[in-house]
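Commentary on secondary and tertiary structure
Listed here are the chains, written in short residue letters.
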Amino acid sequence: EQRVALLRARVQVAREAGLARPAIKMRVRRTHLFEDGLTTLMVKEAEWRARFQVVFISAVTGKPEQGQDAGGLFKEFWEKLAETAFNPEYGLFRQTEQQLLFPNPEAWKYHEQVETLFEFLGLVIGKAIFEGIVVEPCFAPFFLAKLLGKHNSYYDLQSLDPALFANLQLLK
């Protein structure tokens, strides 16, 4: 609990410092959230600790939608971006039988520059944590272990392929 409190305190200090930086203005088409976010934010000079101001572009008129971003539009953009990117139909992730996500080893069949897309998603998750926004993806334990630099064991196979795990257990 002490480590969590320390992390939250440091994030709060960094967040307050980010308010002094100029806001990053983003023009985003609702039909191209992922692509527009990637194009705007994956430039080298993007300051991820700064405040983001989102303007949605109407799919019908091509003009900016009415509304001021006092945080609500940014949160909506961030949630929709995560919803799109982590959807298995988008091709970057697959689901286990328990609906847990892990990177799709065949993502390159659906997208170019897959490494850049996964790097962008890592930054998206980091920004969500930084801003205190809850994103929905639930990752498979074997994938989380790998992210944390741990080695997967035989028992981690259970979260990837329960049938294979059960059959291997019968061979034991």
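Computed from a prediction, not measured in an experiment: that's the story for all the values here. (Residues numbered from 1 in each chain as written. Predicted model: local features only at pLDDT ≥ 70, side-chain atom pairs only at ≥ 80, totals over all residues. Heavy atoms only, no water.)

1. Some words on the packing of aromatic side chains
To be explicit about the condition: Any two rings among Phe, Tyr and Trp, with Trp reduced to its six-membered ring, count as a pair given centres within 6.5 Å; such a pair is stacked if its planes are under 30 degrees apart, edge-to-face if over 60, and tilted if neither. Helix and strand definitions follow DSSP, with helices as H or I runs of at least four residues and strands as E runs of at least two, each counted in order from the N terminus. Think of it in three bands: with a 1.4 Å probe and only protein chains considered, a residue is buried below 20% of the maximum accessible area for its type, exposed above 50%, and partly exposed in between.
Evaluated as defined, the whole model comprises 18 aromatic pairs. Centre to centre, the rings of Phe 93 and Phe 139 are 6.0 Å apart; their planes meet at 40°, and the pair counts as tilted. Of the two residues, Phe 93 sits in strand 3 (residues 93-95) while Phe 139 sits in the loop between helix 4 (114-131) and helix 5 (141-147), which places them 46 residues apart along the sequence. Of the two residues, Phe 93 and Phe 139, both sit in the buried class. Grouped by ring-pair contacts, the aromatic residues Phe 34, Trp 48, Phe 52, Phe 74, Phe 77, Trp 78, Tyr 90 and Phe 120 constitute a single cluster.

2. Describing the pairing of strand 1 (residues 24-29)
The condition that has to hold: Criterion used throughout: strands pair if DSSP finds at least two bridges between them.
Along strand 1, the buried face is formed by Ile 24, Met 26 and Val 28; none of Lys 25, Arg 27 and Arg 29, which line the opposite face, is buried. Bridging between strand 1 and strand 2 (residues 52-57) involves six bridges; their strand directions are parallel. Of the residues in strand 2, the one forming a bridge with Arg 29 is Ile 57.

3. Some words on the environment of Tyr 90
Applied cut-off: Whether two residues are in contact is decided by their heavy atoms: any pair within 4.5 Å suffices.
Summarising the element assignment, Tyr 90 is placed in the loop between helix 3 (72-85) and strand 3. Among the residues examined, Tyr 90 registers a relative accessible area of 19% and is labelled buried. Each C-alpha atom, one on Tyr 90 and one on Gly 72, is 25 Å from the other, the two residues being 18 residues apart in sequence. Every residue in contact with Tyr 90, bar those within four places of it in the chain, is listed here: Phe 34, Glu 35, Thr 84, Ala 85, Tyr 110 and His 111.

4. Focus on a nonpolar patch on the surface
To be explicit about the condition: Patch rule: a residue counts if its relative accessible area is over 30% and it has no salt bridge; like charges are joined within 9 Å, and nonpolar side chains (Val, Leu, Ile, Met, Phe, Trp, Tyr) within 5 Å. For the accessible areas, the method is Shrake-Rupley and the probe is 1.4 Å, while residue cover comes only from the protein chains on display. Counted as salt bridges are all cases of a side-chain nitrogen of Lys or Arg within 4 Å of a carboxyl oxygen of Asp or Glu.
Taken together, the side chains of Leu 144, Leu 147 and Leu 148 define a hydrophobic patch exposed on the protein surface, amounting to about 310 Å² of accessible area. If you trace the backbone, Leu 148 turns up in the loop between helix 5 and helix 6 (157-160). A residue is classified by how much of its surface remains accessible, and Leu 148, at 64% relative accessible area, is exposed.

5. So, unusual backbone geometry
Notably, Gln 99 is not glycine yet its phi reads approximately 65°, a positive angle. When you line up the elements, Gln 99 lands in the loop between strand 3 and strand 4 (101-103). Located in the positive-phi region is Gln 113, a residue other than glycine, with phi close to 50°. Relative to the helices and strands, Gln 113 is located in the loop between strand 4 and helix 4. Judged by its relative accessible area of 59%, Gln 113 falls in the exposed class.

None of this, on its own, says anything about what the molecule does.
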